[in-house]
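Here is what each chain is made of, one letter per residue.
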Amino acid sequence: PQHKRSFWGNLCYYKEYYLMLIPGILFFLVFCYGPMYGLVIAFQDYDIIDGIFGSRFVWFDNFIKIFTYPKFLYAIKNTVFYSAVILFCTTPFPILLALLFNELGNRHFKKVVQTISYLPYFLSWISVIGMFYAFFSTEGAFNDIRIMLMGADTERVNILMDSKNFLPILFLSNLWKNVGWSSVIYLAAITGIDPTLYESATVDGCGRLKQVWYITLPGIMPTIIILFIMATGSLVTSNFEQVYGFQNVFTQEQTEVINTLVYRQGIQNAQYSLATAFGVVQGAVSFLIVFVSNAIIKRATGTGIW
């Protein structure tokens, strides 16, 4: 019996499984935990010539600069606002899409529609951004449609040049690119629901909507909760490629976020210590948000990550 085996006994018995774990463990050790020694730069006045071991320690001076530098405070506000809108407003769409896919009866049509919904996920962000710039440009399809609907005297505009449209563009591009792929997890959770529950509900006279409300949604609720808790860590981060790609000279100053500001300060202006300090704070706050949200949701629903 398994409970009578020692640690080494289990290791030998399940050696194939442990061997399959080795590449993943090595990946995280080399690329995730190995570079963490560089966090010491956050406490130094880092000089690229002197290196980590030769640079002067300034301790918490870099962290003080973060919370007193106006540009950083503005970037924090933008990051939290953009991330919160994208998180809370996009979460229902993949769930709804998965429910709609689950209700499709024609298997061939279902596969075609699912494949079409997945395709944008495999495009790089720079490709998606290029498509959006082409669509919304002054000579693009968006302005052609406006002229068709509003008349030939309508002025052509590029909405990507206005910072007021930046958040809607982020939301739409994120939704278009990720909604199909995100629905896969919920579809997998739906397939794990016991079919006899639906059979019993049908016998009792429940329609499809009531079955979705009383069986499907409660059945996938643990999955929804866990994914939401994990996503809360992104409230103080943002998709660098997406934001940086959609920024331009007309919108950059008003749409600066943490990641783009760290890139400009840390890479372009060579302020490596300041950028590293911001990364440390960002990681710590993300962990704290996930920890607190997990505790609150677990107390309220009984479901959590740990």
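Our structure is the block above this text.
As the structure is a prediction and not an experimental result, all values here were calculated from the model.

Asks: Where do I start with the overall build of the protein chain in this structure?
Replies: Counting its secondary structure elements, the protein chain contains 15 helices and two strands. Here the C-alpha atoms of the protein chain give a radius of gyration of 25 Å, more than 25% beyond the 19 Å that 2.2 N^0.38 yields for 306 residues. Overall, the C-alpha framework of the protein chain stretches about 80 × 75 × 35 Å when taken along its three principal axes. Counting over 306 residues, the protein chain shows a buried share of 36%. Sequence separation of 24 or more characterises 64% of the internal contacts of the protein chain that already satisfy a separation of 6 or more. Surface summary for the protein chain: the accessible area is close to 19000 Å², and the carbon and sulfur share equals 69%. Looking at the protein chain, you have 19 positive and 17 negative side-chain charges, and the mean spots of the two groups are 11 Å apart.

Asks: Looking at this structure, how should I read the side chain of Asn 143?
Replies: Inspection of the secondary structure puts Asn 143 in helix 9 (residues 141–150). Within the local environment of Asn 143, its side chain forms a polar contact with the backbone oxygen of Ser 137, the two atoms lying 2.8 Å apart. Contact partners of Asn 143, with chain neighbours within four places excluded, come to Phe 136, Ser 137, Thr 138, Glu 155, Arg 156 and Val 157.

Asks: Would you mind going over the packing of helix 5 (residues 70–90) against helix 14 (residues 258–268) with me for this structure?
Replies: A pair of packed helices is characterised by two quantities: the angle between their axes and the separation of those axes. Helix 14 packs onto helix 5 with a crossing angle of 145° between their chain directions and a minimal axis gap of 8 Å. In this structure, helix 5 contributes Lys 71, Phe 72, Ala 75, Ile 76 and Thr 79 to the contact, and helix 14 contributes Ile 258, Leu 261 and Gln 265. When the residues that make up the contact of helix 5 with helix 14 are grouped by side-chain class, the tally is five nonpolar, two polar and one charged.

Asks: Before we go on, may I ask you to explain the side chain of Gln 265 in this structure?
Replies: Along the polypeptide, Gln 265 turns up in helix 14. The exposure class assigned to Gln 265 is buried, which follows from its relative accessible area of 8%. In contact with Gln 265, not counting residues within four places along its chain, are Tyr 69, Phe 72, Ala 270 and Gln 271.

Asks: Can you walk me through the nonpolar core in this structure?
Replies: Among soluble globular proteins, nonpolar side chains are generally buried collectively. In this structure, Ile 95, Leu 99, Leu 217 and Ile 220 are the most contacted members of the largest nonpolar core, which totals 21 residues. Those elements giving two or more residues to this core turn out to be helix 6 (92–103), helix 10 (166–191), helix 11 (195–203) and helix 12 (208–231). For this core, the element with the most residues is helix 10, which contributes seven residues. When neighbours within four sequence positions are excluded, Ile 220 is seen to be in contact with Ile 95, Tyr 186, Ala 189, Ile 190 and Ile 193. Counting 16 residues, the second-largest nonpolar core is a separate cluster that includes Tyr 82, Trp 125, Ile 159 and Ile 169.

Asks: What am I meant to see in helix 7 (residues 107–118) here?
Replies: It helps to recall that an α-helix has 3.6 residues per turn; residues three or four apart then point in one direction. Here helix 7 spans 16 Å end to end across 12 residues, near enough to the 16 Å set by a 1.5 Å rise per residue. Every buried residue belonging to helix 7 is among Gln 114, Ser 117 and Tyr 118, and all of these are buried. All buried residues of helix 7 project into a common sector of 95° when viewed along the axis, lining one side. Opposite the buried face of helix 7, at more than 90 degrees from it, the exposed residues are His 108 and Ile 116. Where the residues of helix 7 are buried, they touch helix 6 and helix 10. Of the residues flanking the start of helix 7, the one acting as N-cap is Asn 106, its side-chain oxygen 3.1 Å from the backbone nitrogen of His 108.

Quick notes on the rules
- Residues numbered from 1 in each chain as written.
- Predicted model: local features only at pLDDT ≥ 70, side-chain atom pairs only at ≥ 80, totals over all residues.
- Heavy atoms only, no water.
- Helix = DSSP H or I, 4+ residues; strand = E, 2+ residues; numbered from the N terminus.
- Rg over C-alpha atoms; globule rule 2.2 N^0.38 Å.
- Buried < 20%, exposed > 50% of the residue type's maximum accessible area, 1.4 Å probe, protein only.
- Contact = heavy atoms within 4.5 Å.
- Areas by Shrake-Rupley, 256 points an atom, 1.4 Å probe, with all protein chains shown as cover.
- Lys, Arg positive; Asp, Glu negative; His and termini not counted.
- Charge placed at Lys NZ, Arg CZ, Asp CG, Glu CD.
- Polar contact = N/O pair within 3.5 Å; in protein donor to acceptor, adjacent residues only side chain to side chain.
- Axes fitted to C-alpha atoms, helices over the stretch in contact; angles between N-to-C directions.
- Nonpolar A, V, L, I, M, F, W, Y, C, P; charged D, E, K, R; others polar.
- Core = buried A, V, L, I, M, F, W, Y, C linked by side-chain atoms within 4.5 Å.
- Expected span 1.5 Å × (residues − 1).
- Arc of directions from axis to C-beta.

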